[in-house]
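The chain contents come next:
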Amino acid sequence: MDNESQSNTLRADMSPQNQQKVLRNFKHQIDTLSQFILRLSKFYDGFNPLLDRELHALRGHLVGKMNFAMAEVCISKLTGLLIENADFSKQQNAKVHGLLENAVSELQRNKSLPKELKEDTQQFLLTLQQSHTSLFSSYPYFDQALSLYQRALQSSVTKDQAEQPEAEEESFHQQLVWELRDLVLQLSSASKEQELHEIRQRLEQGLTHNQLLECCLLLVRALSKEVLKDRKQAERFISSLHNTLGNVSQAVGRSLKDSQAAYQLKVQNNQQLRQQLKGIELAVDEAQDIALLKQQACEYLNKMASTLDSRERADKEEQLVLMNLLREMKDQLSALEKEASEYKQKLLQQKYHSHHDPLTQIPNRYAYNDRVELEYRRWRRYGTNLSMALVDVDYFKSINDRYGHAGGDKTLQVIAQNISKCLRSTDFLARWGGEEFVILFPQTAVNELDAVLEKVRLQIEKIPFRFKEQAVTITVSIGAAGFNREDDVEAVFERADRALYDAKNQGRNRCVINKGS
């Protein structure tokens, strides 16, 4: 007897009330089963397109007015599809399990992991390798793997934060070494003390922080010596100038006194001559005897000759004193002029060294500050174009590391010379610091920079560098910008620096020009 006949028999044996109760229970069970099948079918969504289509059809037959006949057809198709995809599910499970194991193995090979995290990763990897669970039971392993990766990421961030100050300190250390080497070169050009040469050798060989501080102290002492030496020289020059001017003043005073005395003597001689002439006149007027007149005239003439001789001697003595005075003053002024010339020459040399890079012999940052201020004032006043470029040697640290500071110094010298060859006489090139150069282009618009900067880049790329019998190609990255509207120098420099940063990020050995505002 089938189920339908049994149901008919039960309905025949039951009262109408019991039949209604059984039907309600049966309907409730069908609804519960349908809802369960709907929820279960949604769990498999996305597993397989064919399964998705049949599950969607099944849900349509079980919602609203149910169609059990069509639902039974869908269930039959789904059963076949599930059987067919059983192997695929196992393959996917094995694939996911393998990916998870590879990811954890890669994490475990990271040498920078803390010891505790490395041990936890190793233990989890052993557990994972011994496990052959289904896809659904693998979810906790994913949670554990993500937790390990999160811990590794936090450890890496903490380490980076700890290493960042060290990197900044190292950069500052290297910058200080470069600055000290340039300072030693400047001092060495004016002083041949062995101590400075030893400091430079130590800087080129590499120093620890403590050794660098010791070199700073030695350089401060050397600078103090140079300052004291210059101060003493200035004091000697001022003292010499004071003494010379004092001597000249005293000589002029003596000359004035002698001139006054000579003048008084001349006045007296003139008075005597006038008296003697009057005596002759009186003798002529009163003379009655020619012989007596002749005798008196001769006496007066002898007196006049004597007065004239005395006056002549006084004039000669005065002239001799004056000539000696002038000769003495000339000698003193010549000596002072020579000393002043030497002092002026020393000041010019000091100014040159203070405004030129001792390594490359081109203007330094101090000279750049003066020139950019001048060009900026011209730009503001006349409204002519003005542009700026920054040139940075690519991978310069590796040059120093591989070929030593001597190789790095030679590289900077040759690059500075070749950049200068590409520029006009009105352009200005300076070493900004380290391996970086700055160029000012007066009366040049930013749109006109492409050709000249590309010429600079290619000129340096073609330089036949050789280190330790090895041919080496050295390149530069260039960033540039122009002055616009109400720009100040710092704003333009910042734009050029950003363009240089972009050139580095884009692969180096290229020019990037910031043509915006």
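Residues numbered from 1 in each chain as written. Predicted model: local features only at pLDDT ≥ 70, side-chain atom pairs only at ≥ 80, totals over all residues. Heavy atoms only, no water.

S.K.: It is not clear to me how the overall build of the protein should be interpreted in this structure. Could you clarify?
M.R.: Tallying secondary structure elements over the protein gives 14 helices and 7 strands in all. By the burial criterion, 32% of the 517 residues in the protein qualify as buried. Sequence separation of at least 24 residues holds for 66% of the intrachain contacts in the protein that already meet a minimum separation of 6. Per element, the accessible surface of the protein, about 33700 Å² overall, is 53% carbon and sulfur. (Helix = DSSP H or I, 4+ residues; strand = E, 2+ residues; numbered from the N terminus. Buried < 20%, exposed > 50% of the residue type's maximum accessible area, 1.4 Å probe, protein only. Contact = heavy atoms within 4.5 Å. Areas by Shrake-Rupley, 256 points an atom, 1.4 Å probe, with all protein chains shown as cover.)

S.K.: Explain the packing of aromatic side chains to me, please; I cannot follow it from the model alone.
M.R.: The description of an aromatic ring pair uses the distance of the two centres, along with the angle that the planes make with each other. Applying the stated rule across the entire model yields 7 aromatic pairs. For the ring pair tryptophan 432 and phenylalanine 493, a centre distance of 4.8 Å and an interplane angle of 40° mean the geometry is tilted. Of this pair, tryptophan 432 sits in strand β2 (residues 428-433) while phenylalanine 493 is found in helix α14 (residues 489-505), placing the two residues 61 residues apart along the sequence. (Phe/Tyr/Trp six-rings, centres within 6.5 Å; stacked < 30°, edge-to-face > 60°.)

S.K.: Looking at this structure, I do not really get the pattern of salt bridges. What am I missing?
M.R.: Pairs can form between side chains of opposite charge whenever their charged atoms are close. Counted according to the given criterion, the structure contains 14 salt bridges. Across the salt bridge formed by lysine 504 and aspartate 394, the nearest N and O atoms sit 2.8 Å from each other. Taken together, the residues span a long stretch of sequence, with lysine 504 in helix α14 and aspartate 394 in the loop between β1 (386-393) and α12 (396-421) at a distance of 110 residues. Classification of lysine 504 as buried rests on a relative accessible area of 16%. Residue aspartate 394 is classed as buried on the basis of its relative accessible area, which comes to 4%. Several salt bridges converge on common partners, so that one network encompasses Arg371, Glu375 and Arg378. (Salt bridge = Lys/Arg side-chain N within 4 Å of Asp/Glu carboxyl O.)

S.K.: So what exactly am I meant to see when it comes to the pairing of β2 here?
M.R.: Looking along a regular strand, one sees side chains alternate from face to face of the sheet. For β2, the tally of buried residues reaches 5 of 6 residues, placing the bulk of the element in the interior. As paired strands, β2 and strand β3 (residues 436-442) are joined by 5 bridges and run antiparallel to one another. Residue leucine 429 lies in a different strand from β3, and its bridge partner there is isoleucine 439. Linking β2 to β3, which pair antiparallel, is a turn of 2 residues; within it glycine 434 sits at a positive phi near 60°. (Pairing = 2+ DSSP bridges.)

S.K.: Help me understand the side chain of asparagine 400 in this model?
M.R.: Tracing the chain through its elements places asparagine 400 in helix α12. With relative accessibility at 12%, the residue asparagine 400 sits in the buried group. If we skip the residues at most four places from it in the chain, asparagine 400 touches Trp178, His405 and Gly408.

S.K.: Explain the sheet that holds β1 to me, please; I cannot follow it from the model alone.
M.R.: By definition, the strands of a sheet pair up through backbone hydrogen bonds, in either a parallel or an antiparallel sense. Read across the open sheet, the 5 strands follow the order β2-β3-β1-β6-β7; overall the sheet is mixed. Bordering the open sheet on either side are β2 and β7 (511-514), each of which pairs with just one other strand. Taking each pair of neighbouring strands and ignoring which way they run, the sheet shows an average axis angle of 20°. Both β1 and β3 contribute to a ladder of 7 bridges, which runs antiparallel. Bridge pairing links serine 387 to phenylalanine 441 in β3. (Axes fitted to C-alpha atoms, helices over the stretch in contact; angles between N-to-C directions.)

S.K.: Can you help me understand α14 in this one?
M.R.: Residues separated by three or four positions in an α-helix point in the same direction, a consequence of the helix having 3.6 residues per turn. End to end, α14 covers 24 Å across 17 residues, agreeing with the expected 24 Å (1.5 Å per residue, within 8%). Within the span of α14, buried status applies to Val489, Val492, Phe493, Arg495, Ala496, Ala499, Leu500, Ala503 and Lys504. Where α14 is buried, its residues contact α11 (365-382), β1, β2, β3, β6 (476-482) and β7. Count one or two residues on from α14 and you reach glycine 507, which has phi positive near 120°. (Expected span 1.5 Å × (residues − 1).)

S.K.: What am I meant to see in the nonpolar core here?
M.R.: Nonpolar side chains in soluble globular proteins generally cluster together in the buried interior. Ranked by size, the top nonpolar core spans 35 residues in total, and within it Val393, Ile415, Ile419, Phe437 and Leu453 carry the most contacts. When contributions to this core are tallied by element, the ones reaching two or more residues are β1, α12, β3, α13 (449-461), β4 (465-467) and β6. Examining the composition of this core, we find that 8 residues originate from one element, α12, more than from any other. Judged by nonpolar contacts, the second largest core, of 19 residues, contains Tyr368, Met388, Ala430 and Ala496. (Core = buried A, V, L, I, M, F, W, Y, C linked by side-chain atoms within 4.5 Å.)

S.K.: How should unusual backbone geometry be read in this particular structure?
M.R.: Among all residues save glycine, negative phi is the norm, and among peptide bonds the norm is trans. With phi around 55°, tyrosine 395 is a residue other than glycine that occupies positive phi space. Examined against the element boundaries, tyrosine 395 turns out to sit in the loop between β1 and α12. Note on tyrosine 395: relative accessible area 54%, which makes it exposed. One non-glycine residue, asparagine 509, adopts positive backbone phi at about 50°.

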